[in-house]
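# Tertiary structure, described
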Amino acid sequence: MHFQSIFVQTISVLFAVQATAHALPTDLKAELAAVGDRRAAAVGAGRAGVDAGLGAGVDAGLGAGVGAELGAGWFLGNICKRPPAATCLFYTRGLSKAARIFAKKGGADMTTIWEMWNSALYDKRQIKSNPLRCIMQKKEDRNVYFQNMSTAMATMCDVFATVMDKSVDSSKDPNKIRMDGIWGQHEFPTLQKSGNEGKVNQIDAINQDGTIVFTFWTRGNSRLGRGLGGLDKRDTCGIDNDQTAADFDEGGDYPVDW
């Protein structure tokens, strides 16, 4: 009986830890649940339209719906941990896990998208209790979701940023950097703006292990950016394992076009 009691207690603790890892404040959970319900209804309506012979166009615009409801402003309003100045690390497709590992390596103390929001906002589980399940299930919605999250991150970066790309080699050619995904279409254009919460003056490009570095972009003769102040630690920030980042990249179960 003693061993059985210990086993039951251990299982209970494990379930409690798992629940805590995906915990959301009640108001935020309700808001996400409402968005999820609307996404599910929209997907259902789209499928019904296709079944009725109305064509795939009925299903169009779902990603735009996610963008309208969970835009960059929404992510800014629900930030968990702001990136300290000069720590933002971006990356292109296929490097989600590598970038996260590098950011923690040898005191690099860099910030990726995977540390900045409540851990539940990265939840891909296809279970009824996950309000993001419908968004994560459909690639178009999933892409828009992370495009908006990425834009919000870029808005907060200050002074200096870094991008990791597989094409970085000894030629140090900025034209080789991949620009057809979230980095080139959303993050980089946002970093170039001067009216953000932070102001980035230089972006360096690095290879996967950080042994090759070169200046990818500079603002020129501009003043230093404004400091973003301390960190906001309201919730459990970020994911707790590198594999989650890999799952949201090419080759993973829920790929995103970084």
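Up top is the structure.
A short tour of the structure in this document, coming up. Within every chain, residues take consecutive numbers counted from 1 along the sequence as written. Reporting of local features is limited, given that this is a predicted model, to residues whose pLDDT is at least 70; pairs of side-chain atoms are given and counted only at 80 or more, and all residues count toward the totals for whole chains, interfaces and linings. Hydrogens are left out, water is left out, and the side-chain values use all remaining heavy atoms of the structure.

## Topic: the overall build of the chain
A count of helices and strands for the chain gives 9 helices and 4 strands. The order of helices and strands in the chain, counted from the N terminus, is α-α-α-α-β-α-α-α-β-α-β-β-α. Working definition: with a 1.4 Å probe on protein chains only, accessible area under 20% of the residue-type maximum means buried, over 50% means exposed, and in between means partly exposed. Sorting the 258 residues of the chain into buried and exposed places 46% on the buried side. Each accessible area value is a Shrake-Rupley result obtained with a 1.4 Å probe; residue values ignore everything except the protein chains displayed when judging cover. A total of about 12,300 Å² of accessible surface is found on the chain, and carbon and sulfur atoms cover 54% of it. Secondary structure elements are defined from DSSP: runs of H or I of at least 4 residues count as helices, runs of E of at least 2 residues count as strands, and each element is numbered from the N terminus.

## Description of the packing of aromatic side chains
Classification of ring pairs uses Phe, Tyr and Trp, with its six-membered ring standing for Trp, and accepts pairs whose centres are within 6.5 Å; under 30 degrees between planes counts as stacked, over 60 as edge-to-face, and the remaining range as tilted. Tallied over the entire structure, the rule returns 17 aromatic pairs. Relative to tryptophan 258, the ring of tryptophan 114 lies with its centre 5.8 Å away and its plane at 65°, an arrangement referred to as edge-to-face. On the criterion of sequence distance, the pair formed by tryptophan 114 in the loop between α5 (96-104) and α6 (133-137) and tryptophan 258 in the segment after α9 (242-247) is long-range, its members being 144 residues apart. Tryptophan 114 sits in the buried class, given a relative accessible area of 0%. Judged by relative accessible area, tryptophan 258 falls into the buried class, the value being 2%. Every member of this aromatic cluster is reached through a ring pair, and the members are Trp74, Phe75, Tyr91, Trp114, Trp117, Tyr122, Tyr145, Phe146, Phe248, Tyr254 and Trp258.

## Here we look at the sheet that holds strand β4 (residues 213-218)
Note on pairing: DSSP must find at least two bridges between two strands before they are called paired. Taken together, the 4 strands give an open sheet; going across it, the order is β1-β2-β3-β4, and neighbouring strands pair in mixed fashion. In this open sheet, the two edge strands, each paired with only one partner strand, are β1 (88-91) and β4. Neighbour-to-neighbour, the strand axes of the sheet open up by a mean angle of 30°, direction not taken into account. With 5 bridges joining them, strand β3 (residues 200-206) and β4 adopt antiparallel strand pairing. Convention adopted: a line fitted to C-alpha atoms gives each axis, helices being fitted over their contacting stretch, and angles between N-to-C directions are expressed from 0 to 180 degrees.

## Re the pattern of salt bridges
Salt bridge, as applied in this entry: a Lys or Arg side-chain nitrogen positioned within 4 Å of an Asp or Glu carboxyl oxygen. If you walk through the whole model with that rule in mind, you get 11 salt bridges. A salt bridge links aspartate 123 to arginine 125, with the shortest nitrogen-to-oxygen separation between them at 2.8 Å. Exposure remark for arginine 125: the relative accessible area of 28% places this residue in the partly exposed category. Taking the shortest distance from any N to any O, the salt bridge between arginine 178 and aspartate 180 comes out at 2.7 Å. Taking the relative accessible area as the measure of exposure, aspartate 180 reaches 48% and is therefore partly exposed. What emerges from the salt-bridge pattern is a single network uniting Arg100, Lys104, Glu115 and Asp242.

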